[in-house]
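Tertiary structure, described
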Amino acid sequence: MQVPLDISFRHVEPSEEIKNAIRERAAKLEEFFDRITSCKVIVEAPHHHHRAGNDYLVRIRIAVPRREISVDRGPGLHQAHPDLHVTIRDAFDEARRQLQDYVREMRGDVKSRETPPHGRILRFFPQDGYGFIAAPDGREIYFHANSLIDTSLDQLEVGDEVRFAEEEGEQGPQATAVRLVGRHHHFVG
């Protein structure tokens, strides 16, 4: 990296153990792609729960030629875990996936068509026939049961990863053609 790794903590007591875990994961990213110019990692506990512990948020910003890779892993976004090590692992796994996509694009291995947006089921209301998807950028996207492909609301679980098409609805963004990723369901009826 041209700029040294920048690690900061907000509402979390800094520890060498956590810093070392972040350094190791950042070094692995650099082994994968040696043209990373900078990497900033912010570890924070956005909510203080005295009885239940903290859910952690990890933000990673990686500068590469002509782009910034941005990852936010935390509550309401991707099923945060109260274990900081798990949240760091998940954040760096997502950063690696984005970096791999970037490398493929740089090599020309990726077709120019855009990948459908993805997110996770945030909450849903089977009795009312609708729910919400947490998009990677933090937005909540509405979806209706009729938008589901090869599954039904009864088969969904909070945290399921989905791909979807997005369009502007009467009251904001809404998802169409919602399809589960990784779990295959055969919807009957």
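Structure: see above.
Report on the accompanying structure. (Residues numbered from 1 in each chain as written. Predicted model: local features only at pLDDT ≥ 70, side-chain atom pairs only at ≥ 80, totals over all residues. Heavy atoms only, no water.)

Attention now moves to the pairing of strand β7 (residues 140-144). Here β7 shows one buried face, formed by Ile 141 and Phe 143, and one open face, formed by Glu 140, Tyr 142 and His 144. Two strands pair when backbone bridges link them, and β7 and strand β9 (residues 172-180) are joined in this way by two bridges, in the parallel orientation. Following the sheet pairing, Phe 143 is matched in β9 by Ala 175. (Buried < 20%, exposed > 50% of the residue type's maximum accessible area, 1.4 Å probe, protein only. Helix = DSSP H or I, 4+ residues; strand = E, 2+ residues; numbered from the N terminus. Pairing = 2+ DSSP bridges.)

Attention now goes to the side chain of Ser 147. By the element assignment, Ser 147 lies in the loop between β7 and β8 (161-169). For Ser 147, a relative accessible area of 14% translates into the label buried. Not counting residues within four places of it along the chain, the set of residues in contact with Ser 147 comprises Ala 175, Thr 176, Ala 177 and Val 178. (Contact = heavy atoms within 4.5 Å.)

Tracing the backbone through its elements, the reader meets Glu 44 in strand β2 (residues 38-44). Polar side-chain contacts of Glu 44 include one of 3.1 Å to the side chain of Arg 59. In this structure, Glu 44 is in contact with Arg 10, Val 12, Asp 55, Tyr 56, Leu 57 and Arg 59, ignoring residues within four places of it in sequence. (Polar contact = N/O pair within 3.5 Å; in protein donor to acceptor, adjacent residues only side chain to side chain.)

Further remarks concern the sheet that holds strand β1 (residues 6-10). In a beta sheet, neighbouring strands pair by backbone hydrogen bonds and run either parallel or antiparallel. Taken in spatial order, the four strands line up as β1-β2-β3-β4 in an open sheet, and their pairing is mixed. Single-partner strands in this sheet number two, and they are β1 and β4 (67-73). Each neighbouring strand pair of the sheet contributes to a mean axis angle of 10°, computed without reference to strand direction. In this sheet, β4 lies alongside strand β3 (residues 57-64) in antiparallel orientation, the contact comprising seven bridges. Each residue of the ladder has a partner; that of Val 64, found in β4, is Arg 67. Against the sheet, helix α1 (residues 16-32) makes contact with β1, β2 and β3, and its axis sits at roughly 140° relative to β1, the strand it touches most. On the sheet, helix α2 (residues 84-107) packs against β2, β3 and β4 and is oriented at approximately 155° with respect to β4. (Axes fitted to C-alpha atoms, helices over the stretch in contact; angles between N-to-C directions.)

Turning our eyes to something else, we now look at the packing of aromatic side chains. Tallied over the entire structure, the rule returns five aromatic pairs. Judged by centre distance (5.9 Å) and plane angle (85°), the ring pair of Tyr 130 and Phe 132 falls under edge-to-face. Between the aromatic rings of Phe 132 and Tyr 142, the centroid separation amounts to 6.0 Å while the plane-to-plane angle is 70°, which identifies the pairing as edge-to-face. Residue Phe 132 is located in strand β6 (residues 130-134), and its partner Tyr 142 is located in strand β7; the two are separated by 10 residues in the primary sequence. With a relative accessible area of 18%, Phe 132 lands in the buried category. Residue class for Tyr 142 comes out partly exposed when judged on its relative accessible area of 28%. Linked through ring pairs, Phe 125, Tyr 130, Phe 132 and Tyr 142 together constitute an aromatic cluster. Directly above the aromatic system of Phe 32 lies the positively charged group of Arg 96, at a separation of 4.6 Å from the ring centroid. (Phe/Tyr/Trp six-rings, centres within 6.5 Å; stacked < 30°, edge-to-face > 60°. Lys NZ or Arg CZ within 6 Å of the ring centre and 35° of its normal.)

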